[in-house]
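# Structure assessment
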Amino acid sequence: QVQLVESGGGLVQPGGSLKLSCAASENIFRGYALAWYRQAPGAQREWVGTMTHNGATIYASSVRGRFTISRDNAENTVYLQMNSLNHEDTAVYYCKASSIIDASDYWGQGTQVTVSS
């Protein structure tokens, strides 16, 4: 079973940047799509963006141009670089691995991002 551990969250001022990491327990890049989601207080979990198994990236319109997903194959880690952060980006951020073989989903525990002055 794939295990995912997010890190890198914290408090950042509006306009600032933060880079989240999602470390996987095994090499998942060939057989999985990796996605980032977020959940603000009182809101439903929201899709942020996805890196497909072949490395293509797609983003929600609310973060496109500000957030970037990348990966380090050697470290089995996917990243979410977040720039120009604003209050609406405050949320718990989760990564998810979705198997392209059997559609199994695996979630991390989440990391809190707070944008505040």
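Up top is the structure.
Numbering of residues starts from 1 in each chain and follows the order in which that chain's sequence is written. Residues qualify for local features only when their pLDDT is at least 70, as the model is predicted, and side-chain atom pairs are given and counted only at 80 or more; totals for whole chains, interfaces and linings, by contrast, use all residues. Only hydrogens and water are set aside; all other atoms, that is, all heavy atoms of the structure, feed into the side-chain values.

### Thoughts on the packing of aromatic side chains
Aromatic rings considered in pairs are described by the distance between their centres and by the relative angle of their planes. Threshold: Pairing of aromatic rings covers Phe, Tyr and Trp, the last through its six-membered ring, and needs centres within 6.5 Å; plane angles under 30 degrees mean stacked, over 60 mean edge-to-face, and all others mean tilted. A run of H or I in DSSP becomes a helix once it reaches four residues, and a run of E becomes a strand once it reaches two; helices and strands are each numbered from the N terminus. Any Lys NZ or Arg CZ found within 6 Å of a ring centre and within 35 degrees of that ring's normal is scored as a charge over the ring.
Evaluation of the coordinates by the stated rule reveals 3 aromatic pairs. Judged by centre distance (6.3 Å) and plane angle (85 degrees), the rings of Tyr 94 and Trp 107 are edge-to-face. Note that Tyr 94 is positioned in strand 9 (residues 91-99) and Trp 107 in strand 10 (residues 105-107), a separation of 13 residues in sequence. Pairwise contacts between aromatic rings join Tyr 37, Tyr 94 and Trp 107 into one cluster. Between Lys 19 and the ring centre of Tyr 79, over which it is positioned, the NZ or CZ distance is 4.5 Å.

### So, the environment of Asp 72
Where we set the bar: Partly exposed describes any residue whose relative accessible area lies between the buried limit of under 20% and the exposed limit of over 50%, with all areas from a 1.4 Å probe on protein chains only and scaled to the type maximum. Only heavy atoms enter the contact rule, under which two residues are in contact if any of them lie within 4.5 Å.
By the element assignment, Asp 72 lies in strand 7 (residues 67-72). On the basis of relative accessibility, which here comes to 27%, the residue Asp 72 falls in the partly exposed class. A C-alpha to C-alpha distance of 28 Å links Asp 72 and Pro 14, two positions 58 residues apart in sequence. In this view, Asp 72 contacts Phe 29, Thr 77 and Tyr 79; residues no more than four positions away in its chain are not counted.

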